[in-house]
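# Examination of the molecular architecture
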Amino acid sequence: MNGTNGTTNGTGPTRVPPPRAWAAIDLAALRANVAALRAKAPGAAFMAVLKADAYGHGMVPCARAALEAGAQWLGVATPEEALALRAAGLGGRVLCWLWTPGGPWRECVAADIDVTVSARWALEEAVAAARAAGRTARVQLKIDAGLGRNGAQPADWPDLTRAARAAERDGLIKVTGVWAHFSCADEPGHPSIDRELGIFREAVDRAADAGLEPEVRHIANSPGTLTLPESHFDLVRPGVAMYGISPVPQVGAPADFGLRPVMTLSARLASVKRVPGGHGVSYGHQYVTPGETTLALVPVGYADGVPRHASSAGPVLVAGKWRTIAGRVAMDQFVLDLGGDTAEPGDEAVLFGPGDRGEPTAEDWARACGTIAYEIVTRVGSRVPRIHLDGR
Ligand SMILES: *Cc1c(COP(=O)(O)O)cnc(C)c1O
């Protein structure tokens, strides 16, 4: 980061002010992670999961990088996300799965997006969209194998598959996939895993009995891709692992799976000053300086995705050492006690990254805040620019 780029304003090169905070996104790492994950599931197609702005990493650049690395499919939760991928000019197959009645079914069918159907109302909306768009809707049917969220209950599966087959015969839809989502794949050996695989296999067989011939059958998320070869079927759908985060931190760190964290979150110190002992720090004075010391102000807060639960807990690398946040995380800022060390306003504070420079990782933050690393990266706020490195 050098704070300048070649931007011009018509009167000559202008200096771009150095950002207050930024999330550097290493697209070369993302591509390498896709390659590592594809190698774990060599017989399966690869769906890059890009929901929630690519877990906070920036959806479009990450989608492009994933396609370059060989992903054939892009997966998102909402139809709006799917349409945004197409609006950005991205090809490849796109699947979305989180619908509400009256959603943009026709727009998705027209944009050649595969839509997920878990219930009769959704099938009816997909069929109506196919009629309105004047083309066959590509539909994937989802079974609830035990997660208890979306997906048809096994008891409703025969009815749904029969109705889908009838719509197929009418030329209105093509069932391109049958899929499910695990409840506890991140706990290897959990008894639900085999049970859910069994329910999924049964649903696949019953769909075939109904006359459906889906291109892809899939259930594997990141933990399934990395730890359960029997879950790979025709396609794997990794999300968090593609961003270089271990989905099973109790089993292994990213490097143990050949993965490298993609996001580094940094900010520039906004203030460095000496204060006397006994000085309260941040709202509520949860921290009081134990003696004369140097306080550094880091200009990111919960509005930027730094959890308030990181108060007096979150680790940050400044001036070569890990510091623990002093007192409360506020909306826009938090404070570090540098003790006897010195730093300058403008110096970089690294909240998390791959760890090569000695900085904490997203997993360290998750542990400090009682959450999972998924949430740490995904919550980074829209006020923090994503700087995509090594894009092509
Ligand atoms: C989020 C999501 C994934 C990816 O999960 P990870 O654990 O991040 O790999 C896969 N499938 C569905 C349906 C999802 O919602």
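Computed from a predicted structure; not experimentally measured.

We now examine helix α10 (residues 362–369). Of the residues making up α10, those classed as buried are Ala362, Asp364, Trp365, Ala366 and Cys369. Close packing links the buried residues of α10 with β15 (315–318), β16 (321–326), β18 (348–352) and α11 (373–378). A positive backbone phi angle near 65° is found at Gly370, which sits one or two residues after α10.

Strand order in the closed barrel formed by eight strands is β2-β3-β4-β5-β6-β7-β8-β9, with parallel pairing between adjacent strands. Pairing geometry for strand β8 (residues 216–220) and strand β9 (residues 235–236), over two bridges, is parallel. When the bridges of β9 are listed, Ala220 appears paired with Val236.

On to the side chain of Ser222. Along the chain, Ser222 turns up in helix α9 (residues 222–227). For Ser222, a relative accessible area of 2% translates into the label buried. For Ser222, the contacting residues outside a window of four places in its chain are Arg237, Pro238, Gly239, Val240, Ala241 and Pro247.

Turning our attention to the site of the ligand. Contacts to the ligand come from 14 residues, most closely from Lys51, Tyr55, Ser222, Val240 and Tyr374. Take Arg237: an N or O atom from its side chain is 2.9 Å from a nitrogen atom of the ligand. In isolation the ligand exposes 390 Å². Once the protein is present, 95% of that is buried. Taken together, the elements giving at least two residues each to the shell around the ligand come down to α2 (51–55) and α9. Of the residues that constitute the shell around the ligand, the class distribution is eight nonpolar, four polar and two charged.

Scanning the entire structure with this criterion turns up six aromatic pairs. Ring centres 5.0 Å apart and planes at 90° place the aromatic pair Phe200 and Phe233 in the edge-to-face group. Of this pair, Phe200 sits in helix α8 (residues 191–209) while Phe233 sits in the loop between α9 and β9; the two residues are 33 residues apart in sequence, bridging distant segments of the chain. With relative accessibility at 25%, the residue Phe233 sits in the partly exposed group. Following the ring pairs from residue to residue traces out a cluster consisting of Tyr55, Tyr243 and Tyr374.

What follows covers the domain arrangement of the chain. The domains assigned to the chain are domain 1 (27–242) and domain 2 (263–389). Taken over C-alpha atoms, the centre of domain 1 sits 38 Å from the centre of domain 2. Listed as interface residues are ten residues of domain 1 and, on the opposing side, seven residues of domain 2. If you sort the residues of domain 1 by the area they bury against domain 2, Tyr55, Gly56 and His57 come out on top, with a joint share of 53%. Connecting domain 1 to domain 2 are zero salt bridges. Taken together, the connections running from domain 1 to domain 2 amount to four residue pairs in polar contact (both at pLDDT 80 or more). Taken together, the elements giving at least two residues each to the side of domain 1 that touches domain 2 come down to α1 (27–40) and α2. When grouped by side-chain class, the residues that make up the side of domain 1 that touches domain 2 number seven nonpolar, three polar and no charged.

Summarising the element assignment, Ile193 is placed in helix α8. Between the C-alpha atoms of Ile193 and Leu228, which are 35 residues apart in sequence, the distance is 9.3 Å. Beyond its immediate stretch of four places on either side in the chain, Ile193 contacts Phe182, Cys184, Ala185, Glu187, Pro188 and Leu228.

Examined against the element boundaries, Met242 turns out to sit in the loop between β9 and β10 (263–268). Relative accessible area serves as the criterion here: at 0%, Met242 is assigned to the buried category. In this structure, Met242 is in contact with Leu30, Asn33, Val34, Leu37, Phe46, Ala48, Val49, Leu50, Ala66 and Val262, ignoring residues within four places of it in sequence.

Turning to unusual backbone geometry, a few remarks are in order. One non-glycine residue, Ala52, adopts positive backbone phi at about 55°. Note on placement: Ala52 falls in helix α2. Given a relative accessible area of 35%, Ala52 falls into the partly exposed group. Even without being a glycine, Asp53 presents a positive backbone phi close to 55°. Position of Asp53 among the secondary structure elements: in helix α2.

Rules of the game
- Residues numbered from 1 in each chain as written.
- Predicted model: local features only at pLDDT ≥ 70, side-chain atom pairs only at ≥ 80, totals over all residues.
- Heavy atoms only, no water.
- Buried < 20%, exposed > 50% of the residue type's maximum accessible area, 1.4 Å probe, protein only.
- Helix = DSSP H or I, 4+ residues; strand = E, 2+ residues; numbered from the N terminus.
- Contact = heavy atoms within 4.5 Å.
- Pairing = 2+ DSSP bridges.
- Near = heavy atom within 4 Å.
- Polar contact = N/O pair within 3.5 Å; in protein donor to acceptor, adjacent residues only side chain to side chain.
- Areas by Shrake-Rupley, 256 points an atom, 1.4 Å probe, with all protein chains shown as cover.
- Nonpolar A, V, L, I, M, F, W, Y, C, P; charged D, E, K, R; others polar.
- Phe/Tyr/Trp six-rings, centres within 6.5 Å; stacked < 30°, edge-to-face > 60°.
- Domains from an automatic or database assignment.
- Buried area = accessible area lost by both parts, 1.4 Å probe.
- Salt bridge = Lys/Arg side-chain N within 4 Å of Asp/Glu carboxyl O.

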